[in-house]
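The chain contents come next:
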Amino acid sequence: MKPGRNDPCPCGSGQKYKKCCAAKDEEANKAAFVAQAAAESAAQAEAEVAARTTPSPTAVKGTVARPAPKPVRAPPAPARPTMRKHAV
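What counts as what
Residues numbered from 1 in each chain as written. Predicted model: local features only at pLDDT ≥ 70, side-chain atom pairs only at ≥ 80, totals over all residues. Heavy atoms only, no water. Helix = DSSP H or I, 4+ residues; strand = E, 2+ residues; numbered from the N terminus. Buried < 20%, exposed > 50% of the residue type's maximum accessible area, 1.4 Å probe, protein only. Areas by Shrake-Rupley, 256 points an atom, 1.4 Å probe, with all protein chains shown as cover. Patch = residues over 30% accessible without salt bridge, like charges linked within 9 Å, V, L, I, M, F, W, Y side chains within 5 Å. Salt bridge = Lys/Arg side-chain N within 4 Å of Asp/Glu carboxyl O. Lys, Arg positive; Asp, Glu negative; His and termini not counted. Charge placed at Lys NZ, Arg CZ, Asp CG, Glu CD. Contact = heavy atoms within 4.5 Å.

Novice: How would you sum up the overall build of the chain? Please name residues and give values.
Specialist: Assigned secondary structure in the chain consists of 3 helices and 0 strands. Going from N to C terminus, the chain has its helices and strands arranged as α-α-α. Classification of the 88 residues of the chain by burial places 5% in the buried group. Carbon and sulfur atoms make up 60% of the accessible area of the chain, which amounts to about 8,700 Å² in all.

Novice: Quick rundown of a positive patch on the surface? Include the residues and the values.
Specialist: There is a patch of like positive charges on the surface, built from Arg 5, Lys 16, Lys 18 and Lys 19. Turning to its location among the elements, Lys 16 is positioned in the segment before helix H1 (17-20).

Novice: Explain the environment of Cys 21 residue by residue, including any values.
Specialist: Note on placement: Cys 21 falls in the loop between H1 and helix H2 (22-53). Cys 21 gets classed as buried once you look at its relative accessible area, which sits at 13%. Taking the C-alpha atoms as reference, Cys 21 lies 8.5 Å from Pro 10; in sequence the two are 11 residues apart. Beyond its immediate sequence surroundings of up to four residues, Cys 21 is in contact with Cys 9 and Cys 11.

In structure tokens form, the structure reads like this:
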């Protein structure tokens, strides 16, 4: 369990944690986070490259991929006549 900022430092120096080892621990946590993020980024980039170099099923069959057809829209409903009484 991580000590609180005002708890005695676990290294045994007698100082508060925030004045003794907190900065070192923060740097270690930050370095670990950066390393993990870099590893995830590299894995994602590797997966993207693999996806680009893998031939698609249509390319294997020798057919040309066509865009999806546009959806057909229904014609607009006719306008309803109004029942206004006109002044004569």
